[in-house]
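Residues per chain, in single letters:
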Amino acid sequence: MSRKGREGAGLLSSALDHVDEAIHLLREYARAAPEDAEALEDILYALEEAADALERLVRARGG
C-alpha cells in the first residue's frame with residue numbers, strides 16, 4: 001500500500017474511532033438523562049450506520 005493509501009486508511013480509522021466515541025458518549029448521556037433518550041434514538045441510529053459504513057471502508061483499505 002502506498003504512503004498516501006496508508007495515510008488515508010489511518011484517517012478513516014481515526015474517523016471511525018471518533019464516531020464510536022460519540023456513540024459511547026451519547027449512550028452515557030442517555031443513561032444519565034433518560035428524558036432525552038428518545039430524542040437521541042435517531043442520532044444514535046445514524047451514527048451507528050455511519051460507523052458501519054466507515055468500518056467497511058477501513059476494511060476495504062486493508063485497515
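Keep in mind the model is a prediction, meaning the values are calculated, not measured. (Residues numbered from 1 in each chain as written. Predicted model: local features only at pLDDT ≥ 70, side-chain atom pairs only at ≥ 80, totals over all residues. Heavy atoms only, no water.)

Further remarks concern the environment of Arg56. Here Arg56 lies in helix α2 (residues 37–60). The exposure class of Arg56 is exposed, given its relative accessible area of 56%. For Arg56 and Asp36, which are 20 residues apart along the polypeptide, the C-alpha to C-alpha distance reads 30 Å. (Helix = DSSP H or I, 4+ residues; strand = E, 2+ residues; numbered from the N terminus. Buried < 20%, exposed > 50% of the residue type's maximum accessible area, 1.4 Å probe, protein only.)

The subject of this paragraph is the nonpolar core. Grouped together as the largest cluster of nonpolar side chains are eight residues: Leu16, Val19, Ile23, Ala30, Leu40, Leu44, Ala51 and Leu54. Those elements that provide at least two residues to this core are α1 (3–32) and α2. Contact partners of Val19, with chain neighbours within four places excluded, come to Leu47, Ala51 and Leu54. (Core = buried A, V, L, I, M, F, W, Y, C linked by side-chain atoms within 4.5 Å. Contact = heavy atoms within 4.5 Å.)

The first and last C-alpha atoms of α2 sit 34 Å apart over 24 residues, in line with the 34 Å expected at 1.5 Å per residue. The sharpest bend along α2 reaches about 25° and sits at Ile43. Residues Leu40, Leu44, Ala51, Leu54 and Val58 constitute the buried set of α2. Two residues or fewer past α2, Gly62 is found with a positive phi of approximately 85°. (Expected span 1.5 Å × (residues − 1). Bend = angle between axes of the 7 residues up to and from the residue.)

Should the charged atoms of two oppositely charged side chains come close, the side chains can pair. According to the stated counting rule, one finds two salt bridges in the structure shown. Arg27 is paired through a salt bridge with Glu48; the nearest N and O atoms lie 2.2 Å apart. Pair noted here: Arg27 is in helix α1 and Glu48 is in helix α2, with a separation of 21 residues, a long-range link. Among the residues examined, Arg27 registers a relative accessible area of 39% and is labelled partly exposed. For the salt bridge of Arg59 with Glu55, the shortest nitrogen-to-oxygen distance reads 2.8 Å. Taken as a pair, Arg59 and Glu55 lie in helix α2 at a separation of four residues, close to a single helical turn. (Salt bridge = Lys/Arg side-chain N within 4 Å of Asp/Glu carboxyl O.)

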